[in-house]
Amino acid sequence: VDTHVLRISKSMKWIPPSASRESAYEYLNDVVPPKLKMDLHCLLVTHGRHCHNCAANRKPQFPPKDGSKLMCPLVGLNKVTIQTLSKTLVKQVQKMI
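Residues numbered from 1 in each chain as written. Predicted model: local features only at pLDDT ≥ 70, side-chain atom pairs only at ≥ 80, totals over all residues. Heavy atoms only, no water.

Peer 1: Could you clarify how one ought to interpret unusual backbone geometry in this entry?
Peer 2: For residues that are not glycine, phi is negative in most cases, and the peptide bond is trans in most cases. The backbone of Asn57 sits at a positive phi, close to 55 degrees, despite the residue not being glycine. When you line up the elements, Asn57 lands in the loop between helix H3 (34-50) and helix H4 (82-96). The class of Asn57 is exposed, set by a relative accessible area of 68%. Backbone geometry at Arg58 places phi at a positive 60 degrees, although glycine is not the residue there. Within the element layout of this structure, Arg58 appears in the loop between H3 and H4. You can call Arg58 exposed: its relative accessible area is 52%. (Helix = DSSP H or I, 4+ residues; strand = E, 2+ residues; numbered from the N terminus. Buried < 20%, exposed > 50% of the residue type's maximum accessible area, 1.4 Å probe, protein only.)

Here is the structure:
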């Protein structure tokens, strides 16, 4: 998995802190519904590049030009398990089909 996906997945406690890229990929690949994989990947990568809270060393690659810090929408959501997220997202996708 991408560095940003790995870091955010660990911070959200979707995977153990000790998970390798390979084990994270295998686990997330099994639990994330296929229709959501690419969108979730893109969202996590983009978020990890812009968010001070989720970037490595709290230094995003693309911070706001005005020097402000973005409010991270993921703060406090780390109690959500991937199973709960997966079930919710599957229901939403099924409604759209």
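From this point, the discussion proceeds with the structure in view.
Peer 1: What's the story with the packing of helix H1 (residues 3-11) against helix H2 (residues 21-31) in this structure? I'm lost.
Peer 2: Geometry of a packed helix pair, given as the angle between the helix axes and the separation of the axes. Interhelical geometry of H1 versus H2 gives an angle of 75 degrees and a closest axis separation of 11 Å. It follows from the interaxial angle that H1 and H2 lie roughly perpendicular. On the side of H1, the interface is formed by Thr3, Val5, Leu6 and Ser9, while H2 contributes Arg21, Ala24 and Leu28. Tallied by class, residues from the contact of H1 with H2 come to four nonpolar, two polar and one charged. (Axes fitted to C-alpha atoms, helices over the stretch in contact; angles between N-to-C directions. Parallel < 35°, antiparallel > 145°, perpendicular 65-115°, else oblique. Contact = heavy atoms within 4.5 Å. Nonpolar A, V, L, I, M, F, W, Y, C, P; charged D, E, K, R; others polar.)

Peer 1: When you look at the environment of Thr3 in this model, what are you seeing that I'm missing?
Peer 2: The residue Thr3 is located in helix H1 in this model. Between the C-alpha atoms of Thr3 and Gly48, which are 45 residues apart in sequence, the distance is 8.7 Å. Side-chain polar atoms of Thr3 contact the side chain of Arg21, separated by 2.9 Å. (Polar contact = N/O pair within 3.5 Å; in protein donor to acceptor, adjacent residues only side chain to side chain.)

Peer 1: Help me understand the nonpolar core in this model?
Peer 2: For soluble globular proteins, nonpolar side chains are generally found buried alongside one another. Within the largest apolar cluster, 17 residues are counted, with the highest numbers of intra-cluster contacts made by Trp14, Ile15, Leu28 and Leu44. Those elements that provide at least two residues to this core are H1, H2 and H3. Setting aside residues no more than four positions away along its own chain, Ile15 makes contact with Leu6, Ser9, Lys10, Ala24, Tyr27 and Leu28. (Core = buried A, V, L, I, M, F, W, Y, C linked by side-chain atoms within 4.5 Å.)

Peer 1: Sorry, what's going on with the environment of Ala56 here?
Peer 2: Within the secondary structure layout, Ala56 lies in the loop between H3 and H4. Considered as a pair, Ala56 and Arg7 are 49 residues apart in the sequence and their alpha carbons are 8.1 Å apart.

Peer 1: For this particular structure, what's the right way to read H1?
Peer 2: Because an α-helix packs 3.6 residues into every turn, residues spaced three or four apart end up facing the same way. Where H1 is concerned, the buried positions are His4, Val5, Leu6, Ile8 and Ser9. Contacts made by the buried residues of H1 are with H2 and H3. Here H1 starts with a cap whose side-chain oxygen sits 2.7 Å from the backbone nitrogen of His4, and that cap is Asp2. After H1 finishes, the residue Lys13 shows a positive phi value of roughly 65 degrees.

Peer 1: Is there a simple way to think about the packing of H1 against H3 in this case?
Peer 2: The geometry of H1 relative to H3 is characterised by a closest axis approach of 8 Å and an angle of 85 degrees between their N-to-C directions. By the angle class used here, H1 and H3 are roughly perpendicular. Contact with H1, carried on its side by His4, Val5 and Ile8, involves His41, Leu44, Val45, His47, Gly48 and Arg49 of H3 and no other residues of that element. Looking at side-chain class alone, the contact of H1 with H3 contains four nonpolar, four polar and one charged residues.

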